[in-house]
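A structural walkthrough
Spelled out from the first residue to the last, the chains are:
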Amino acid sequence: MMGMPRGGRLFLATCLCSLFVLVLYFQSITKPEPAVKTDGRPAKSRRSPLQSLYKGDQQVQLSAAQKSLQGRRELLEEACLSHTRKRRVLSPEDLKHLIVDDKHSLIYCYVPKVACTNWKRVLMVLTSDGRYTDPLAIPANEAHVAGNLRTLSEFSVTEINQRLRSYLKFIFVREPFERLVSAYRNKFTRSYNTAFHKRYGTKIIHRYRTDPEPEALEKGNDVTFREFVQYLVDPRTQREEPFNEHWERVHSLCHPCLIHYDVVGKYETLEPDAQAVLRLTGVEGTVQFPTTSKSTRTDGNMAAHFFKHISPFYQKKLFNLYRMDFMLFNYSTPEYLRTR
């Protein structure tokens, strides 16, 4: 080294310095984000729930549930790469469906008609500091009151990014047409949903029914499924206003190709998937996800019954409208669909 020319020594020193800087840089970008306490200060470092879910101990094989959840996440990532071209920056408006639990480092994107009432109840228990202990003791209408739970849109850009990087993010999805039929049944065939009848039913009947009765135009309480489908596929509908959240596509509500969800639960496997989320969060013994015993739950057979009266022309247009949800969440084209 001492016999090396001065220029050579300078070159070697420069290379060593550059190598040191690169090591520091890669250490910084691979260092996990610290968890965030509710007061904004970093919490103590702990094992990430995702390390438990997807990595685990090397000697322990993944359970069937873990493999299923990991497989869904991988399929979603592949579908996003295959079917999305343009990326955009999310606005606060895009984040209104993402509920935040700072206490347990959770972000949940709620999708109407996919057990979101019960998930909101569970999150109210988790964030209430003892005010609520039983999810089912919380009235359904109270679970949907704005302000009972915080959404990601309420935070600053820095706080949003911090939470998106370090919190466990999960979403629950459902077969798109079963969800759609469930929304129609709930909002247009129940006598108590007068607000939806007035807000949407009167418009649908006026636009798509030939010679409607004056009472139907006034009340909007007898919209047929065929008229509802016509409303959905009509280009004027979305030009005039966004879809209501109950029939908006999941990818438009939760942006799964822009937000990296750690867990993708499914309505079809609701109970084990919900248990997996609670176990990952460490609250499995604190709160139980409510089970349901509905005998009139909308399933594939019921959806097939409703679609039987829809022409192939409208079936095809409707499938194209919801195609992205089918692809992103690995749902097969329904056997009852007639698109030719």
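The present account deals with the structure reproduced in this document.

So, how was this worked out
- Residues numbered from 1 in each chain as written.
- Predicted model: local features only at pLDDT ≥ 70, side-chain atom pairs only at ≥ 80, totals over all residues.
- Heavy atoms only, no water.
- Helix = DSSP H or I, 4+ residues; strand = E, 2+ residues; numbered from the N terminus.
- Buried < 20%, exposed > 50% of the residue type's maximum accessible area, 1.4 Å probe, protein only.
- Contact = heavy atoms within 4.5 Å.
- Areas by Shrake-Rupley, 256 points an atom, 1.4 Å probe, with all protein chains shown as cover.
- Pairing = 2+ DSSP bridges.
- Salt bridge = Lys/Arg side-chain N within 4 Å of Asp/Glu carboxyl O.
- Axes fitted to C-alpha atoms, helices over the stretch in contact; angles between N-to-C directions.
- Parallel < 35°, antiparallel > 145°, perpendicular 65-115°, else oblique.
- Left-handed = near helix turned anticlockwise from the far one by under 90°.
- Nonpolar A, V, L, I, M, F, W, Y, C, P; charged D, E, K, R; others polar.
- Lys, Arg positive; Asp, Glu negative; His and termini not counted.
- Polar contact = N/O pair within 3.5 Å; in protein donor to acceptor, adjacent residues only side chain to side chain.
- Core = buried A, V, L, I, M, F, W, Y, C linked by side-chain atoms within 4.5 Å.

**Description of the overall build of the protein chain**
Counting its regular elements, the protein chain contains 15 helices and five strands. By the burial criterion, 44% of the 340 residues in the protein chain qualify as buried. A fraction of 68% describes how many contacts in the protein chain between residues 6 or more apart in sequence connect residues 24 or more apart. Accessible area of the protein chain: about 19500 Å², with a carbon and sulfur share of 53%.

**Let's talk about the pairing of strand β2 (residues 106–109)**
Side chains Leu106 and Tyr108 project from β2 onto one buried face, and the interleaved Ile107 and Cys109 project onto a second face that is buried too. Sheet analysis places strand β1 (residues 98–101) next to β2, joined by four bridges and oriented antiparallel. Its bridge partner lying in β2, aspartate 101 is registered against leucine 106. Linkage of β1 to β2, two consecutive antiparallel strands, is achieved through a turn of four residues, within which serine 105 is found at a positive phi near 55°.

**Considerations on the pattern of salt bridges**
All told, the structure shown has 17 salt bridges when counted by the stated rule. Two residues, aspartate 94 and arginine 88, come together in a salt bridge whose shortest N-O distance is 3.0 Å. Taking relative accessible area as the criterion, aspartate 94 reaches 13% and is therefore assigned buried. Here glutamate 227 ties to arginine 209 by a salt bridge, and the two come within 2.8 Å at their closest N and O atoms. Residue glutamate 227 is located in helix α10 (residues 225–233), and its partner arginine 209 is located in the loop between α8 (194–208) and α9 (214–219); the two are separated by 18 residues in the primary sequence.

**Things to note about the packing of α10 against helix α15 (residues 312–328)**
Across the interface, α10 lies against α15 with an axial gap of 10 Å and an inter-helix angle of 50°. Taken together, the axes of α10 and α15 lie oblique to each other. Judged by the sense of rotation from one axis to the other, the crossing of α10 with α15 is left-handed. Of α15, the residues touching α10 (which contributes Val229, Gln230, Leu232 and Val233) are Tyr314, Lys317, Leu318, Leu321 and Tyr322. Partitioned by chemical class, the residues of the contact of α10 with α15 number seven nonpolar, one polar and one charged.

**Notes on the sheet that holds strand β3 (residues 150–151)**
The strand order across the open sheet built from five strands is β3-β1-β2-β4-β5, with neighbouring strands paired in mixed fashion. Of all the strands in the sheet, the pair left with one neighbour each is β3 and β5 (263–266). Pairing of β1 with β3, which is carried by two bridges, proceeds in the antiparallel orientation. In the sheet register, valine 100 faces β3, and the bridge partner there is arginine 150. Helix α13 (residues 270–281) rests against β2, β4 (168–173) and β5 of the sheet, and its axis sits at about 170° to β4.

**A closer look at the side chain of glutamate 175**
As for its position among the elements, glutamate 175 is in the loop between β4 and α7 (176–188). No salt bridge forms around the buried glutamate 175; measuring N to O, its nearest opposite-charge neighbour arginine 174 is 7.1 Å away. In this structure the side chain of glutamate 175 is engaged in a polar contact, spanning 2.9 Å, whose partner is the backbone nitrogen of phenylalanine 177. Among all residues touching glutamate 175, those that are not within four sequence positions of it are Glu268, Phe326, Tyr331, Ser332 and Pro334.

**Observations concerning the nonpolar core**
The biggest cluster of nonpolar side chains holds 87 residues, and the ones touching the most others in it are Trp119, Phe228, Leu232, Trp247, Leu318 and Tyr322. Counting residues per element, this core draws most heavily on helix α4 (residues 116–127), at seven residues. Residues contacting tryptophan 247, with those up to four places away along its chain left out, are Arg179, Leu180, Lys187, Phe188, Phe196, Tyr200, Phe228, Tyr231, Leu232 and Tyr322.

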